[in-house]
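Per-entry structural report
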Amino acid sequence: MQLYQNQNIKIYNSLTGEKEQFKSIHEGSVGMYVCGPTVYSNVHLGNVRTFMSFDVIFRYLKYLGYKVRYVRNITDAGHLENDADVGEDRIAKKARLEEIEPMEVVQRYTVDFHNILNTFNFLPPSIEPTATGHIIEQIELIKTIIDNGFAYEVNGSVYFDVHKYNESNEYGILSKRKLEDLIHNTRELDGQSDKKNPQDFALWKKAEPAHIMRWPSPWSDGFPGWHLECTAMSTKYLGEHFDIHGGGMDLKFPHHECEIAQNQAAKGKSPVNYWMHANMLIMNGKKMAKSTGNFILPNEIFTGDNPHITKAFTPSVARFFMLQAHYRSVLDFTNDGLLAAEKGYNRLMEAVKSLSELKTSDKSSIDINAWQQKCFEAMNDDFNTPILIANLFEAVKYINQIKDGTETITKQDLETLSKTINDFTFNILGLKDDTNQASSGTDKLSGTVELLIKLRQEARANKDFALSDKIRDELAEVGIQLKDGKDGTSFTTN
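Below or above, wherever it landed, is the structure these notes cover. Chains are numbered independently. Their residues run from 1 in the order of the written sequence. In view of the model being predicted, local features appear only for residues whose pLDDT reaches at least 70, and side-chain atom pairs are presented and counted only at 80 or more, with totals across whole chains, interfaces and linings using the full set of residues. The side-chain values count all of the structure's non-hydrogen atoms but skip hydrogen atoms and water molecules.

Moving on, we come to the sheet that holds strand E4 (residues 67-72). DSSP calls a pair of strands paired once it identifies at least 2 bridges connecting them. Helix numbering and strand numbering both begin at the N terminus, where a helix is a DSSP run of H or I of at least 4 residues and a strand a DSSP run of E of at least 2. Strand order in the open sheet formed by 4 strands is E4-E3-E11-E12, and the pairing between neighbours is parallel. Two strands lie at the open edges of the sheet, namely E4 and strand E12 (272-278), each paired on one side alone. Sheet twist, expressed as the mean angle between neighbouring strand axes with direction ignored, is 20°. Bridge count between strand E3 (residues 29-34) and strand E11 (residues 242-248): 3 bridges; the pairing is parallel. Of the residues in E11, the one forming a bridge with Met32 is Ile244. Two residues form a contact once any of their heavy atoms are found within 4.5 Å. To obtain each axis, a line is fitted to C-alpha atoms, and for helices this fit is confined to the stretch in contact; angles are then taken between N-to-C directions over 0 to 180 degrees. Helix H7 (residues 226-238) rests against E3, E4 and E11 of the sheet, and its axis sits at about 165° to E3.

Okay, here's the thing in structure tokens:
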């Protein structure tokens, strides 16, 4: 019997706005599609948080014994700067600015994306398809939608007819938006658009002469619409009806709304049972934005080379910090939050390492099985990682009490405790024990500062007080405070 057969998972379904009991379409198997990145720039921390949420979900479903096919795409064409189907292709624009080929842009930032996710200890998806690798499937899908009467061709471009679709279906079912409200809040067409209505969206765009990324189609040399690729790739690898579709909250409208409409128009059915959306990441209480400087790249967390943090943090500390918030909650990224997460993470790692040193007794004073079930219940409740982490710290308290002799545990219960805390910490939350990496960095820092203290002492002995003060002041600027005492000079870091 697999673990999932004894667990009652509930998932918050964005489509219904309620937590629903999870039941896979095919017994023992799960199909999950997550919208991946558009690879025209370095992956940002908000992307990392979204993909981390689904990495944990993927891990937990696999741990329970499900056979999971996890598909996460790469958008390497068709994503224009504006959701109204205008502007340059984001990848083509980057290629023009850097004076390189578009596929060089794709390669560079796909490699960056994989490197960052590997650093954070993500599991790779089962399949990682690209938009450019599925042009044929997208063209065939457009043909079907046209044949079914829900799209029209104008001057080489093909548009989805939202008004026609809404006559027999509900456009806005996911985002809870009404077409009438969308019409009211949309500016009138300026006469330069080929669309019948502003709400219509592109399935295929005719390429302008200067547009590099283009493919032949029955309508024109052009490129597919951004919304179309996910419908084509998800249904190719997971079928016309699959279990879970995930992505960031910002994709709910129009991207995911359009996916539902396309699938309904082509196949006559809604594609997904459970729609899941991860919430946004802010920084110091404000939206992250390069324009305001309120911004940090993942690599800057590991180096400490960012004015918003006072030191470097290991990937596992950053991962632990992000998983302390539920995936549907807004997460505020702060230096204080990272420092607190580092302390908690170190406590957890120390407790896990001390399990082998615990002495066993004839009787357990703690109900380990009840604690274990609480861990499962946390994850079963819409993958509630903060509650799971709270349960893990309850186990840390038990471990310390057993070490102190105030609580007792049997050999069998110790085996259960050890297996459970290791499974949930490393296999499900995806943490790694990189405390040695952190201490190694601390040792190097201490050695460097001690050398500077020695040079400062020599400067003072030589009455070179200007150099002595310069060493002290420049260390203070980077957060290292020197303190002179009767036993010599010590230092502290902020």
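Summarising the element assignment, Asp423 is placed in helix H14 (residues 411-428). The definition of a polar contact used here is a pair of N or O atoms within 3.5 Å, where within protein one atom must be able to donate a hydrogen and the other to accept one, and adjacent residues in sequence count solely through side-chain atom pairs. A polar atom in the side chain of Asp423 sits 2.6 Å from the side chain of Lys419. In this structure, Asp423 is in contact with Tyr63 and Ile428, ignoring residues within four places of it in sequence.

Now for helix H1 (residues 45-63). To estimate the expected span of a helix, subtract one from its residue number and multiply by 1.5 Å. Between the first and last C-alpha of H1 there are 26 Å, a value that for 19 residues agrees with the 27 Å anticipated at 1.5 Å per step. At the exit of H1 stands Gly65, carrying a positive phi of roughly 105°.

Moving on to the sheet that holds strand E15 (residues 331-333). Read from one edge of the open sheet, 3 strands run E14-E13-E15, paired in mixed fashion. The open sheet has two edge strands with one neighbour each: strand E14 (286-287) and E15. Pairing analysis gives 3 bridges linking strand E13 (residues 281-283) to E15, with the strands arranged parallel. Within the sheet, the bridge partner assigned to Leu281 lies in E15 and is Leu331.

Salt bridges are counted wherever a side-chain nitrogen of Lys or Arg sits within 4 Å of a carboxyl oxygen of Asp or Glu. By the definition in use, this model includes 22 salt bridges. Taking the shortest distance from any N to any O, the salt bridge between Glu98 and Arg108 comes out at 2.4 Å. Of this pair, Glu98 sits in helix H2 (residues 90-98) while Arg108 is found in helix H3 (residues 102-119), placing the two residues 10 residues apart along the sequence. Taking the relative accessible area as the measure of exposure, Arg108 reaches 40% and is therefore partly exposed. Put simply, Glu240 and Lys267 hold a salt bridge, and the shortest N to O gap is 3.9 Å. Buried means the residue's accessible area, taken with a 1.4 Å probe over protein chains only, is under 20% of the maximum for its type, while exposed means over 50%, and partly exposed covers the values in between.

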